[in-house]
Amino acid sequence: MTPHVPRSSRTRHRRRRTALAAGLPLALAAGAALGHGLLGPGAQSQASAATAVPARAAATTLTVAKDGSGQYTTVQAAVNAVPANNPSRVVIAVRPGTYRETVKVPANKPHVTLQGTGSSRKDTVIVYDNAAGTRKPDGSGTYGTGGSATVAVEADDFQARNLSISNDFDEAAHQDIAQQAVALRTAADKVFLDRIIVSGDQDTLLLDTASKDRLGRVYLTDSYVTGNVDFVFGRATAVLDRSVITLKKRWNGTSAGYVTAPSTAAGRKGILITGSTVTGSVSDRSFYLGRPWHAGGDAGLDPQTTVRNTSLSAAIRTAPWTDMSGFSWKDDRFAEYRNTGAGSGAASTDRPQLTDAQAAGQEIADWLGDWKPSAS
């Protein structure tokens, strides 16, 4: 005759056997069986037979504060503390303040988030003033365009949110050197930029890839980008969504510039600006939406910029695309779709517009593919 075992004991024994079989701590198995926030409504009746799914590892947080109240006083020191080839998210929480430094996230430190902790994206600022022509302190030459970046990201799965990244190089005071001065350079895949400000003059935001044959996807949303010459540029597959692109006068007070300069590889997607606003206190009809950058004179590139469902101020020229370094924009991929505002215009040979059918293949999902950016 089988001895009587109280119901509560039988339940505990079942949980113990399930936990041991799954190699899980008893506390986790018990929590799953009781539905303590781990199972949704209606699922608890299946708990005793369910196999527990390990939760995603919690993010590690490193704190940066200029006043010494955090673990580190500079952003770069926190980046340096991230283990090489770290397998899970590391959040670098940067407290309000102005951090005058350059920051580099190397390729062997993926899954890093720079997170401003202030109430506004203006509260936390990372800024420096190197330009392409600035000489390196070690005497080894100049920085070059890419090397001038205030923040350089070479690691995949990088995120930045709720902060400002700036290059405040003084063009007026240094007319004797190359003027390109990058605020943010990305050369990685799955880069998510959310609620940030990126500001500079020439070459503000360099959206690149690790190499010509590597994919580099960038998704920037709910953000502000400011500049005047080719200030959104590079070969990445990049989306600027629901953001404000602010046109800025040159160092001498004149209005003339270019928003984008894609250097897209053939067969890849280039720069997509969608659901955004292009504005700024500059003269009417003084800015182009873009021009083709065939980096190094590479005729095999196929630069692409699409601007769609975006409000364009009167600053945009009626013929919004132009040639660059002997390459005609008409040989590459430049188009608009359903833009509005004083700077928008009807289809013409100087202003190609996508058809509805073409536009259906130039949505955000077409740029990002299987990647669905989310905060983590």
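Conventions adopted
- Residues numbered from 1 in each chain as written.
- Predicted model: local features only at pLDDT ≥ 70, side-chain atom pairs only at ≥ 80, totals over all residues.
- Heavy atoms only, no water.
- Phe/Tyr/Trp six-rings, centres within 6.5 Å; stacked < 30°, edge-to-face > 60°.
- Helix = DSSP H or I, 4+ residues; strand = E, 2+ residues; numbered from the N terminus.
- Buried < 20%, exposed > 50% of the residue type's maximum accessible area, 1.4 Å probe, protein only.
- Lys NZ or Arg CZ within 6 Å of the ring centre and 35° of its normal.
- pLDDT = per-residue confidence, 0-100.
- Contact = heavy atoms within 4.5 Å.
- Core = buried A, V, L, I, M, F, W, Y, C linked by side-chain atoms within 4.5 Å.
- Salt bridge = Lys/Arg side-chain N within 4 Å of Asp/Glu carboxyl O.

## Quick word on the packing of aromatic side chains
With the rule as written, the count across this model stands at 4 aromatic pairs. Look at F192 and Y219: their rings are 5.8 Å apart centre to centre, the planes differ by 25°, and that puts the pair in the stacked class. Here the residue F192 occupies a position in strand β10 (residues 191–199), and Y219 occupies one in strand β12 (residues 217–221), the gap between them amounting to 27 residues. The two residues F192 and Y219 agree in class, both being buried. Ring centres 5.5 Å apart and planes at 5° place the aromatic pair Y258 and Y288 in the stacked group. Within this pair, whereas Y258 is found in strand β17 (residues 257–262), its partner Y288 is found in strand β20 (residues 287–290), the two being separated by 30 residues in sequence. A cation over a ring is seen here: K66 above Y99, with NZ or CZ 5.5 Å from the ring centre. A cation over an aromatic ring shows up here: R291 above the ring of Y258, its NZ or CZ 3.7 Å from the ring centre.

## Considerations on the confidence of the model for the protein chain
Per-residue confidence for the protein chain gives a mean pLDDT of 88, with 85% of residues at or over 70. With pLDDT under 50 throughout, residues 1–54 is counted as low confidence; its partners more than four residues away or in other chains account for 27 contacts.

## With respect to the nonpolar core
V75, I92, F158, L184, L193 and L247 are the most contacted members of the largest nonpolar core, which totals 55 residues. For this core, the leading source of residues is β10, giving 4 residues. Among residues more than four places away in sequence, those in contact with V75 are V64, V94, Y99, E101, V103, L114 and I126.

## Digging into the pattern of salt bridges
Summed over the entire model, instances satisfying the criterion amount to 18 salt bridges. Among the ionic pairs, E154 bridges to K104, the shortest N-O distance being 3.8 Å. Of this pair, E154 sits in the loop between β7 (151–153) and β8 (159–167) while K104 sits in strand β4 (residues 103–105), and the two are 50 residues apart along the sequence. For K330, the salt bridge is made with D350, and the minimal N-O distance between the two is 3.7 Å. Placement of the pair is K330 in the loop between β22 (311–312) and β23 (333–337) and D350 in the loop between β23 and α5 (356–359), with a sequence separation of 20 residues. Its relative accessible area of 35% is what places D350 among the partly exposed residues.

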